[in-house]
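Spelled out, the chains give:
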Amino acid sequence: MPPTNQELLQRDLATLWHPCTQMKDHEWLPLIPIRRGEGVWLEDFDGNRYLDAISSWWVNLFGHANPRINQAVKEQLDRLEHVLLAGFSHQPAIELAERLVRLTPEGLDRCFYVDNGSSAVEASLKMSYHYWRNTGHPRKTKFITLSNSYHGETLGALAVGDVALYKETYRPLLMQAITAPSPDCYLREAGESWEAHSRRRFEDMERLLENHAEEVCAVIVEPLVQCAGYMRMYHPVYLSLLRKACDRHGVHLIADEIAVGFGRTGTLFACEQAAISPDFMCLSKGLTGGYLPLSAVMTRETIYQAFYDDYQNLTAFLHSHSYTGNPLACRAALASLDIFAHEPILENNRTTAAHMGQAVAHMADHPHVGEVRQTGMILAIELVQDKASKTPYPWQQRRGLRVYQYGLQNQVLLRPLGNVVYFMPPYIITPEEIELMARVACEGIEQACSTP
Ligand code: PMP
């Protein structure tokens, strides 16, 4: 007899400590053990199904248990499960690096593997600093970041992030970053366009660069969408202006495409919409189609060359993780890229994204919705207490959590960020599934906002 949800969650709660969770919530909020996944669907041990509207923390692109990726991983498993990547190499790592060099914006000709998003951010920060040190600029030790940005949970990544909920407690442990106001278009003036707002916000960034370029290694941004920062979005013009300014001031640009890469914003990489190429691009999440932990830092040959020297000169980048470039993960990534190569994914996503938008467009008029916004396959609905002033609901009321609970009772896994309900589904979602996801989200919002 297979176990039930109840049995498993009791055993789980006796031993596990879950990520990003106040464990006491599980005294009343059921933890859901998942038995299997297929396409957009997850199924628990009692046979309940949940449409994964958030792609399991934004990693899944082509559905759970995708037959093509499954097959590729199975074949790799029988050949080589893992080998260290220092002094050794393997075919999947080489093939994937070649593919990523071809696919990423021009000039990103070197691929450094890591094994999760935060570690890719750490590696890019260290590489940037180390590049300046190796090239005779040891005073460059700081980073510029955007308010409301998120780059991961390890101490370096947390230090260049700005979401108070995750950062505040650890502030005494963190290096100090220089923070420029986010171009977040939710904050634009009434009647102001996204572009005008993003341009106006850039003036602050320009000033910071003018004043601090001497001591700054790099500016780090999430291109187009600050995902963990409540799915706030901005215009590509900000990235084009930033690229030019970084060049003018001799500062690197790090594009953290961990969440937005691989088609999420409508183009394969979000940077493409601004026609820019950063100095470092961090990739993870969708890189393996959501299968296995892997990340990569793509960078320029000139940066690589600044580390390339006789051993005795001690200029090498001695950063490593045990599972760096794991063959199973690289093989999953190659299979996922094959799907992009053989099917018109980005084109299909335009139709899917338009359908998502239409399905919830009416919510813009809801008295407790501050904004419905969308960039490609990311759609967000911001709940507010007062529409005219965009006053948020007090966080203590946990309105988003009510939507989460409503979703689970009605077959949809939505996991709002605070008061922001969002869709970021696998690309294979069907029109019927979009209708279900949208209907349940709207009903959940209705219910969450109708009580005091
Ligand atoms: N950067 C961005 C933009 C992210 O969204 C995330 C994860 N949500 C990370 C970095 C960290 O990645 P990981 O969770 O794999 O450490």
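Residues numbered from 1 in each chain as written. Predicted model: local features only at pLDDT ≥ 70, side-chain atom pairs only at ≥ 80, totals over all residues. Heavy atoms only, no water.

Draft legend 1. Focus on the packing of aromatic side chains. In the structure shown here, the tally under the stated rule is 11 aromatic pairs. Across from the ring centre of tyrosine 304, 3.6 Å away, lies the NZ or CZ of arginine 110, which sits over that ring. (Phe/Tyr/Trp six-rings, centres within 6.5 Å; stacked < 30°, edge-to-face > 60°. Lys NZ or Arg CZ within 6 Å of the ring centre and 35° of its normal.)

Draft legend 2. Representation of the site of the ligand. As a matter of local geometry, the ligand sits amid Trp58, Asn116, Gly117, Ser118, Tyr150, His151, Gly152, Glu222, Asp256, Ile258, Ala259 and Lys285. Contacts to the ligand include asparagine 116, whose side-chain N or O atom sits 3.5 Å from an oxygen atom. Between an oxygen atom of the ligand and a main-chain N or O atom of glycine 117, the distance comes to 2.8 Å. With the chains in place, 82% of the 390 Å² that the ligand exposes on its own is no longer accessible. A per-class count over the shell around the ligand returns four nonpolar, five polar and three charged. (Near = heavy atom within 4 Å. Polar contact = N/O pair within 3.5 Å; in protein donor to acceptor, adjacent residues only side chain to side chain. Areas by Shrake-Rupley, 256 points an atom, 1.4 Å probe, with all protein chains shown as cover. Nonpolar A, V, L, I, M, F, W, Y, C, P; charged D, E, K, R; others polar.)

Draft legend 3. Quick look at the environment of leucine 401. Considering the arrangement of structural elements, one finds leucine 401 in helix H13 (residues 399–409). A residue is classified by how much of its surface remains accessible, and leucine 401, at 17% relative accessible area, is buried. Along the sequence, leucine 401 and arginine 415 sit 14 residues apart, while their C-alpha atoms lie 7.6 Å from each other. Those residues in contact with leucine 401 that sit more than four places away from it in its chain are Trp28 and Leu29. (Helix = DSSP H or I, 4+ residues; strand = E, 2+ residues; numbered from the N terminus. Buried < 20%, exposed > 50% of the residue type's maximum accessible area, 1.4 Å probe, protein only. Contact = heavy atoms within 4.5 Å.)

Draft legend 4. Region of interest: the domain arrangement of the protein chain. Annotation of the protein chain at the domain level lists domain 1 (32–65 + 344–450) and domain 2 (70–342). Using C-alpha coordinates to define each centre, domain 1 is positioned 26 Å away from domain 2. Counting residues at the interface gives 34 residues for domain 1 and 30 residues for domain 2. For the domain 1 and domain 2 pair, buried surface summed over both sides reaches about 2700 Å², with 62% attributable to carbon and sulfur atoms. At the surface where domain 1 touches domain 2, the tally comes to two salt bridges. Note that glutamate 382 and arginine 232 form a salt bridge whose closest N and O atoms lie 2.9 Å from each other. The tally of links from domain 1 across to domain 2 stands at 14 residue pairs in polar contact (both at pLDDT 80 or more). Looking at the side of domain 1 that touches domain 2, the elements with two or more residues in it are helix H2 (55–58), helix H12 (345–360), strand S13 (369–375), strand S14 (378–383) and strand S16 (420–423). (Domains from an automatic or database assignment. Buried area = accessible area lost by both parts, 1.4 Å probe. Salt bridge = Lys/Arg side-chain N within 4 Å of Asp/Glu carboxyl O.)

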